[in-house]
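These are the residues of each chain, in order.
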Amino acid sequence: MGRIHICVKRTFIFVCVLIGIISTLLLAITLFGHGYFHQSEEIEEILPGIVVLYVLEAATLVLSIFGVYGARKEKKWAVVLFSVGMSLASLYLFVECVNGYQSKHEMEELTREEHLAMMPLSGANQTDLEGLYNMQTNFKCCGLVQGYQDWGTDIPISCLCSDEDSTDFKCVAPGNNTRFVIHYPNSDMSEDDDHKGLMDEHMLVYKEPCLPILISFVGYDIILIIGTLVALKALWDVGVVLAITILCQMRRKVDVPPVIFTSQPPQYRELCDTAESV
């Protein structure tokens, strides 16, 4: 019984230390993200979520300290506090995982609607154009729905498929003997500027539209976040199970042989008295 108790205690302490390390890392990441978005316009929308992350990560860090203290000093109140607190945190993560999975389709549809609102791309504002240029460069795609045709006759240079990319990505010719104006991002040149290049028939553009790729990335990111939360919840649940096991072992009484006291004189004295009378 003693070996089992020591093994469970060491495992529990290891899990608590691991929870503390992960909570510290998440707290640092949250702090960095808060500082990164502090000057952005989206800070008001994401600030409530950042506050929840601060509270949750700080609480789990403190609970992990209580768990280590309770296991090493065999303090029931500290282990109970750890088990109750981590159970509530695990329940909160479960609710968030369910909500995140249910909102996956909504986020994908919202992304679709926001980008379809940019159509036609020839009339998009400068901010949207810069985002599209970056997306086409990073995802190796062109346009949103119908590929390069979404741009009409003015195809941005971010759609161009280089010789290196042509072997890894699908590239097509935009038209037979058709010349398209290539406009550069962040350029103040006029439409008739001679520095703008003209596409000839030998140039290729990316075939795949960007919107399906973007939506798949949004869904993948949500699934990745949910998977991370599930793994974190599983770790917390292991800590709760070990804490309950330690509490059960603390309450278990150890069997001690009873000690009987008697007022009768020792037996060897009686034997001595018998020998003297003989």
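Residues numbered from 1 in each chain as written. Predicted model: local features only at pLDDT ≥ 70, side-chain atom pairs only at ≥ 80, totals over all residues. Heavy atoms only, no water.

The chain is annotated in an unreviewed UniProt entry as Tetraspanin-8-like of Oncorhynchus kisutch. According to the UniProt record, the Subcellular location (unreviewed entry) comment for the chain reads "Membrane". (UniProt positions renumbered as here; feature names shortened; annotations may be inferred.)

(A) A look at the overall build of the chain. Along the backbone of the chain there are six helices and three strands. Along the chain, from the amino end to the carboxyl end, the secondary structure elements read α-α-α-α-β-β-β-α-α. Put simply, the chain has 278 residues, and 32% of those count as buried. Put simply, of all contacts in the chain between residues at least 6 apart along the chain, 71% involve residues at least 24 apart. Surface exposure of the chain reaches about 18400 Å², of which carbon and sulfur atoms provide 62%. (Helix = DSSP H or I, 4+ residues; strand = E, 2+ residues; numbered from the N terminus. Buried < 20%, exposed > 50% of the residue type's maximum accessible area, 1.4 Å probe, protein only. Contact = heavy atoms within 4.5 Å. Areas by Shrake-Rupley, 256 points an atom, 1.4 Å probe, with all protein chains shown as cover.)

(B) Fine view of the side chain of Thr30. Along the chain, the position of Thr30 falls in helix 1 (residues 2–36). Once residues within four sequence positions are removed from consideration, Thr30 is found in contact with Ile50, Leu53, Tyr54 and Glu57.

(C) Spotlight on the nonpolar core. Judged by nonpolar contacts, the single largest core of 23 residues is most densely connected at Phe12, Ile19, Phe82, Met86 and Trp236. By residue number, the principal contributor to this core is helix 5 (residues 210–251), which donates nine residues. Setting aside residues up to four positions removed in sequence, Ile19 forms contacts with Thr60, Ser64, Phe82, Met86, Leu235 and Trp236. The next biggest cluster of nonpolar side chains, apart from the first, holds 22 residues, and it includes Ala124, Tyr148, Ile155 and Cys159. (Core = buried A, V, L, I, M, F, W, Y, C linked by side-chain atoms within 4.5 Å.)

(D) Quick look at the UniProt feature "transmembrane region" (unreviewed entry) in the chain. Taken from the UniProt record, the annotation "transmembrane region" (unreviewed entry) applies to residues 12–34, 46–70, 77–95 and 222–248. End C-alpha to end C-alpha, residues 12–34 measures 32 Å, and it is 100% helix and 0% strand. Between the C-alpha atoms that bound residues 222–248 the distance is 39 Å, and the span itself is 100% helix and 0% strand.

(E) Up close: the confidence of the model for the chain. Scored by pLDDT, the chain comes out at a mean of 79, with 75% of its residues at no less than 70. Per-residue pLDDT stays below 50 along residues 184–197; that stretch engages in 19 contacts with residues further than four places along the chain or on separate chains. (pLDDT = per-residue confidence, 0-100.)

(F) Molecular detail of the sheet that holds strand 2 (residues 171–172). Taken together, three strands build an open sheet; the order of strands is 1-3-2 and the sheet is antiparallel. Whereas interior strands pair on both sides, the edge strands pair on one side only; in this sheet they are strand 1 (160–161) and strand 2. Inspection of the sheet shows strand 2 paired to strand 3 (residues 204–206) by two bridges, in the antiparallel sense. By the bridge assignment, Val172 is partnered in strand 3 with Val205. (Pairing = 2+ DSSP bridges.)

(G) Layout of the packing of helix 4 (residues 126–139) against helix 5. Look at helix 4 against helix 5: their axes get within 11 Å of each other, and the N-to-C directions meet at 80°. On the basis of the axis angle, helix 4 is roughly perpendicular to helix 5. When helix 4 is examined against helix 5, the residues Met135, Gln136 and Phe139 are found in contact with a partner set consisting of Cys210, Ile213, Leu214 and Phe217. (Axes fitted to C-alpha atoms, helices over the stretch in contact; angles between N-to-C directions. Parallel < 35°, antiparallel > 145°, perpendicular 65-115°, else oblique.)

(H) Inspection of the layout of surface pockets at higher detail. Here the largest pocket defines a volume of roughly 1100 Å³. Contributing to the lining of the largest pocket are 30 residues, with Gly49, Leu53, Glu96, Ile225 and Leu229 lying nearest its centre. Among the secondary structure elements, those contributing two or more residues to the lining of the largest pocket are helix 1, helix 2 (43–73), helix 3 (76–116) and helix 5. Classifying every residue of the lining of the largest pocket by side-chain character gives 19 nonpolar, nine polar and two charged. (1 Å grid on protein atoms, 1.4 Å probe; cavity = no way out; pocket = protein on both sides within 12 Å on 5 of 7 lines; lining within 4 Å. Points joined across faces, edges and corners; volume = space filled by probe spheres on them. Nonpolar A, V, L, I, M, F, W, Y, C, P; charged D, E, K, R; others polar.)

(I) A look at a nonpolar patch on the surface. Among the surface-exposed residues, Leu91, Phe94, Val95 and Val98 lie close enough to one another that they form a single nonpolar patch of about 330 Å² accessible area. Along the chain, the position of Val98 falls in helix 3. (Patch = residues over 30% accessible without salt bridge, like charges linked within 9 Å, V, L, I, M, F, W, Y side chains within 5 Å. Salt bridge = Lys/Arg side-chain N within 4 Å of Asp/Glu carboxyl O.)

(J) Just the packing of helix 3 against helix 5, in detail. At their nearest, the axes of helix 3 and helix 5 sit 8 Å apart, and the two run at 170° to each other. Taken together, the axis directions place helix 3 and helix 5 in an arrangement best described as roughly antiparallel. In terms of residue class, the contact of helix 3 with helix 5 is built from 26 nonpolar, eight polar and seven charged.

(K) Looking closely at the packing of aromatic side chains. This structure, assessed with the given rule, holds five aromatic pairs. Between Tyr69 and Trp77, the aromatic rings sit 6.0 Å apart at their centres with planes inclined by 55°, giving tilted as the arrangement. Ring pairs connect the aromatic residues Phe66, Tyr69 and Trp77, which therefore count as one cluster. (Phe/Tyr/Trp six-rings, centres within 6.5 Å; stacked < 30°, edge-to-face > 60°.)

(L) The state of the cysteines, seen in detail. By the definition in use, this model includes three disulfides. Between the sulfur of Cys141 and that of Cys210 lies a disulfide, 1.9 Å long from S to S. One quick way to see it: the torsion about the S-S bond of Cys141 and Cys210 is about 105°, and its sign makes the bridge right-handed. Taken as a pair, Cys141 in the loop between helix 4 and strand 1 and Cys210 in helix 5 lie far apart in primary sequence, 69 residues in all. A residue is classified by how much of its surface remains accessible, and Cys141, at 0% relative accessible area, is buried. (Disulfide = S-S within 2.5 Å.)

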